[in-house]
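So you can see what is in the structure, the chains are spelled out below.
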Amino acid sequence: MADLLETSIIISVLAATVRIATPILLAALGEMIAERSGVYNMGLEGTMLMGAFTAYIGAYYTGSLWLGVVIAMITGGLMSLIFAFMVITLKVEQIVTGLALNLLGSGLSIFWLRAAFANAGQTPTTPFFDTVPLPLLSDIPFLGPILFDQKILTYVAFLLVPATWYFLFRTRYGLELRCVGENPKALDIKGLNVAARQYAAVVFGGLMAGLGGAFLTVGSAARFVPEMTNGRGWLAIVIVIAGLWRPVPVLLATLVFSFLDALQLQIQGIGVAIPYQLLLAMPYVCAILALAIRRSHSGAPAMLGIPYWRR
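Quantities reported herein were computed from a predicted structural model and do not represent experimental measurements.

## Let's talk about the packing of helix α3 (residues 65-89) against helix α4 (residues 94-116)
Part 1 of the argument: Across the interface, α3 lies against α4 with an axial gap of 10 Å and an inter-helix angle of 150°. In terms of orientation, α3 and α4 fall into the roughly antiparallel class. As for the relative orientation of α3 and α4, their crossing is right-handed in sense. Facing M79, F83, M86 and V87 of α3, the residues of α4 in contact are Q94, T97, G98, L101 and G105.

## A look at the packing of helix α1 (residues 7-36) against helix α9 (residues 194-219)
Part 1 of the argument: Put simply, α1 and α9 touch, their axes get as near as 7 Å, and they point 170° apart. If you check the angle between α1 and α9, you find them roughly antiparallel. In this structure, α1 contributes R19, T22, P23, L26, A27, L29, G30, E31, I33 and A34 to the contact, and α9 contributes A201, V202, F204, G205, M208, A209, L211, G212, F215 and L216.
Part 2 of the argument: By residue class, the composition of the contact of α1 with α9 is 14 nonpolar, 4 polar and 2 charged.

## Brief notes about the nonpolar core
Part 1 of the argument: Core analysis: the largest hydrophobic core is formed by 54 residues, its most contacted members being L29, V218, F224 and I239.
Part 2 of the argument: Sorting the residues of this core by element identifies α1, α2 (44-62), α3, α6 (152-170), α9, α10 (232-242) and α11 (247-270) as the ones contributing at least two each.
Part 3 of the argument: In terms of residue count, α2 provides more of this core than any other element does, 9 residues in total.
Part 4 of the argument: If sequence neighbours within four positions are ignored, F224 has contacts with L49, A52, F53, Y56, S109, L113, T123 and T217.
Part 5 of the argument: A34, F83, V87 and L101 belong to the second largest nonpolar core, which has 11 residues in total.

## Focus on the side chain of T126
Part 1 of the argument: You can see T126 is positioned in the loop between α4 and β1 (131-133).
Part 2 of the argument: Beyond its immediate stretch of four places on either side in the chain, T126 contacts Y56, Y60 and A222.

## Here's the deal with the packing of aromatic side chains
Part 1 of the argument: Under the counting rule described, the total for this entry stands at 9 aromatic pairs.
Part 2 of the argument: Seen in terms of ring centroids, Y60 and Y61 are 5.0 Å apart; in terms of plane orientation they differ by 80°. Their pairing is edge-to-face.
Part 3 of the argument: The exposure class of Y61 is exposed, given its relative accessible area of 52%.
Part 4 of the argument: Members of the aromatic cluster, each reached through a chain of ring pairs, are Y56, Y60, Y61 and F117.
Part 5 of the argument: One cation-aromatic arrangement involves K91 over W309; the distance from NZ or CZ to the ring centre is 5.5 Å.

## A word on the layout of surface pockets
Part 1 of the argument: Estimates place the volume of the second largest pocket at around 230 Å³.
Part 2 of the argument: What lines the second largest pocket is I33, A163, T164, F167, Y173, E176, L177, R197, A200, A201 and F204.
Part 3 of the argument: Broken down by element, the lining of the second largest pocket gets its largest block of residues, 4 residues, from α9.
Part 4 of the argument: By residue class, the composition of the lining of the second largest pocket is 8 nonpolar, 1 polar and 2 charged.

## Overview of α6
Part 1 of the argument: Taking 1.5 Å of rise per residue, 19 residues should cover 27 Å, and α6 covers 27 Å from first to last C-alpha, within 8% of that figure.
Part 2 of the argument: Where α6 bends most, at L160, the angle is about 30°, and the proline P162 comes one to four residues later.
Part 3 of the argument: Burial in α6 covers these residues: L153, T154, Y155, A157, L160, V161, T164, L168 and F169.

## A look at the environment of G181
Part 1 of the argument: Here G181 shows up in helix α7 (residues 172-182).
Part 2 of the argument: G181 sits 120 residues away from P301 along the chain, and the two C-alpha atoms are 5.2 Å apart.
Part 3 of the argument: Residues in contact with G181, not counting those within four places in the same chain, are R36, S37, G38, P301, A302, M303 and L304.

## Looking at the pattern of salt bridges
When their charged atoms lie close together, side chains carrying opposite charge are able to pair.
Part 1 of the argument: In this structure the tally under the stated criterion is 2 salt bridges.
Part 2 of the argument: With a closest N to O distance of 3.0 Å, R172 and E176 form a salt bridge. You can see R172 and its partner E176 sitting in helix α7, 4 residues apart, about one turn around the helix.
Part 3 of the argument: Given a relative accessible area of 60%, R172 falls into the exposed group.
Part 4 of the argument: One salt bridge connects E176 with R197, and the closest N-O pair in it is separated by 3.0 Å. Placement of E176 in helix α7 and of R197 in helix α9 is noted, with a sequence separation of 21 residues between them.
Part 5 of the argument: Owing to a relative accessible area of 22%, R197 belongs among the partly exposed residues under this scheme.

Conventions used here
- Residues numbered from 1 in each chain as written.
- Predicted model: local features only at pLDDT ≥ 70, side-chain atom pairs only at ≥ 80, totals over all residues.
- Heavy atoms only, no water.
- Axes fitted to C-alpha atoms, helices over the stretch in contact; angles between N-to-C directions.
- Helix = DSSP H or I, 4+ residues; strand = E, 2+ residues; numbered from the N terminus.
- Parallel < 35°, antiparallel > 145°, perpendicular 65-115°, else oblique.
- Left-handed = near helix turned anticlockwise from the far one by under 90°.
- Contact = heavy atoms within 4.5 Å.
- Nonpolar A, V, L, I, M, F, W, Y, C, P; charged D, E, K, R; others polar.
- Core = buried A, V, L, I, M, F, W, Y, C linked by side-chain atoms within 4.5 Å.
- Buried < 20%, exposed > 50% of the residue type's maximum accessible area, 1.4 Å probe, protein only.
- Phe/Tyr/Trp six-rings, centres within 6.5 Å; stacked < 30°, edge-to-face > 60°.
- Lys NZ or Arg CZ within 6 Å of the ring centre and 35° of its normal.
- 1 Å grid on protein atoms, 1.4 Å probe; cavity = no way out; pocket = protein on both sides within 12 Å on 5 of 7 lines; lining within 4 Å.
- Points joined across faces, edges and corners; volume = space filled by probe spheres on them.
- Expected span 1.5 Å × (residues − 1).
- Bend = angle between axes of the 7 residues up to and from the residue.
- Salt bridge = Lys/Arg side-chain N within 4 Å of Asp/Glu carboxyl O.

Shown next, in the form of structure tokens:
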């Protein structure tokens, strides 16, 4: 336990926390926007997985990491567009459609991976983004290596927190989006298109999930591995609920989950005799307790998961 209290170890764990939080935070912010419009996208896991795969394939064949990121975001947007058409236009049950999207993402990524490298002994590696130390800020003792010596997509993820807060609570379009999730009839009476706003919110969530998936390959790994999202899409959904559908609490919930993940990795590395499964279970237990305590005023949109029928 004394090893865990060393300054270098603490800095390492906290820096890893920020890095691990990046893909989850990106997906969670996108899911928060989608759910604010009343649409419950359970297909986040499959969307992130396809984003990770297409970013890897795009970067491998084009030689451009940024082009791989763009391809991943387009893939996430297209998958969410399919989901939006099913649940908004056709009024198909949202949870079932999301689960089907997860199966689609899992199956397609494995099939296309094998098809692309059928003649190769193993999947090839690709370059990935290096860390980008911010001048002067990265030299700050203790905080510098943790917050300001990260990858560019990490900075993007954390800057999106105030951006989404400003959009939701300080712009007209954010107000309209929140109204769609609370009382779409009021918006419809004013002559505003409810479906168009839900489509935009869901597709944005898909773009963010694709970007989060891209971080797993071109942001932190050298190759794509089947099912490499490892439940991060589901975790993002839990974080949105634990964060009460607000950007800053969503960020804090993400950091808590990521810290426990980084801590258990460090504990395994130094051989501390504490079952890491206990640490992995703690945030889920806390999320359940938080939902139980705030069950009557959790902050969930009133029309979340309920399709809007124009009459």
